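Examination of the molecular architecture
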Amino acid sequence: MTLDNIIEEIKNAKTIVILTHETPDGDAIGSCLAMKLALKQIGKNADVIIKEVPRIFDFLPQREYIKTSSDIQEYDLAISLDCADFKRMVGNEYFEKAKQTIVIDHHSSNKMYGNINFVNPVSPACCQILIGMFQYFNINIDKELGTCILTGIITDTGGFRYSGVNSDTFEFAAELLEKGVNVSNVYKRVLDTRTKANFELMRKIIDRMEFLEDGKVTFTYITGKDLEEVNAEIGDHEGLVEFSRDIEGVEVSVFIRQRDNEEDVYKVSMRSNDYVNVSDVCLMFGGGGHERAAGAIIQGNIEQVKQKIMKELKKVLK
């Protein structure tokens, strides 16, 4: 059984590193810190390597122990969390050199790149997978560990709003509440707290927003210059794609941002409501994700990127 194999590899490893994807969200960061806390309970110390952490997640337990790099070149075990593609992993050089590798994820587009792959695309969050795993391992999900897990669940379900939410999600949330996890505080910190820079960026995307295909698609963007003008920090662009999906009649929300001031390279984020599988659309550009939330990297100027995206979206819009 895979879970038995996973715990066996963890127990055999002397050095462990935990990794996740670039531009990490609450599920990625929450999963990594939850795994670190869980391993600590069974006497294992693990390094968490994440190069950029948005400051809204500074409240998470063990946040201060996140590293940007490590002196250890070859770990006994590398654990990838919430990362569908090896190419998107930050610190993948540690994963590549590790003696044993484990991938735990919930993306249907996962490449199954580990020695052991535990992937459940039905789960609305990687953190929800970890709850079942920790229970199987007899890990005590206390207030600290539970806070990390709930952060991931709330982030990836949009506060329990998205279609992937299931009965287990609410049962787990209730259990975490009983453990003393402050659900309302976590919700406020990760979903209801907006930085000034994020607000300024939202004003820009609203001004630029286009309604395409009879209002079924919204398209908007920000550039590297925009980020500089508002003194944006890591994570200040997060959540901008969600806004326009909530507009009446919109099926797909498309938001692009210039990647690290690279000319004519854009990070694409897509969200959909009812029937468009944006993961399939993003796969056409080498990306992927979930049916209703996905992303990709596309080269070209803003107009070229828009045309490339719309060409694929027109094929799937009703």
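In this report, the structure presented in the accompanying data block is examined. Here the structure is a predicted model, which is why all the values come from computation and not from measurement.

A full pass over the atoms with the stated rule returns 6 aromatic pairs. Judged by centre distance (6.1 Å) and plane angle (80°), the rings of Tyr-75 and Tyr-94 are edge-to-face. Placement of the pair is Tyr-75 in the loop between β2 (46-48) and β3 (77-81) and Tyr-94 in helix α3 (residues 92-97), with a sequence separation of 19 residues. The exposure class of Tyr-75 is buried, given its relative accessible area of 1%. Among the residues examined, Tyr-94 registers a relative accessible area of 6% and is labelled buried. Ring centres of Phe-86 and Phe-95 lie 6.2 Å apart, and the angle between their planes is 55°; on these two criteria the pair is classed as tilted. When its relative accessible area of 23% is taken as the criterion, Phe-86 is described as partly exposed. Here the aromatic cluster, defined as three or more aromatic residues joined through ring pairs, consists of Phe-86, Phe-95 and Tyr-113.

A word on the sheet that holds strand β1 (residues 16-19). Strand order in the open sheet formed by 5 strands is β2-β1-β3-β4-β5, with parallel pairing between adjacent strands. Edge positions in the sheet fall to β2 and β5 (116-119), since each has one partner strand and no second. This sheet shows a mean twist of 15° between the axes of neighbouring strands, independent of strand direction. Bridge count for β3 against strand β4 (residues 100-105) is 5 bridges, and the pairing is parallel. Counterpart to Leu-77 in the pairing with β4 is Gln-100. Across the face of the sheet, helix α1 (residues 2-12) comes into contact with β1, β3, β4 and β5 while running at roughly 125° to β5. Set on the sheet, helix α2 (residues 26-41) makes contact with β1, β2, β3 and β4; between it and β1 the angle comes to about 160°.

Turning to the nonpolar core, a few remarks are in order. Membership of the largest hydrophobic core comes to 51 residues, with the highest contact counts inside it found for Met-35, Ile-79, Leu-81, Ile-104, Phe-134, Leu-145 and Ile-149. A total of 8 residues in this core trace back to one element, the largest contributor, which is α2. Residues contacting Ile-149, with those up to four places away along its chain left out, are Ala-34, Cys-127, Ile-131, Phe-134, Ile-141 and Leu-176. Residues Val-252, Val-281, Ala-294 and Leu-313 belong to the second largest nonpolar core, which totals 21 residues.

Conventions used here
Residues numbered from 1 in each chain as written. Predicted model: local features only at pLDDT ≥ 70, side-chain atom pairs only at ≥ 80, totals over all residues. Heavy atoms only, no water. Phe/Tyr/Trp six-rings, centres within 6.5 Å; stacked < 30°, edge-to-face > 60°. Helix = DSSP H or I, 4+ residues; strand = E, 2+ residues; numbered from the N terminus. Buried < 20%, exposed > 50% of the residue type's maximum accessible area, 1.4 Å probe, protein only. Pairing = 2+ DSSP bridges. Axes fitted to C-alpha atoms, helices over the stretch in contact; angles between N-to-C directions. Contact = heavy atoms within 4.5 Å. Core = buried A, V, L, I, M, F, W, Y, C linked by side-chain atoms within 4.5 Å.

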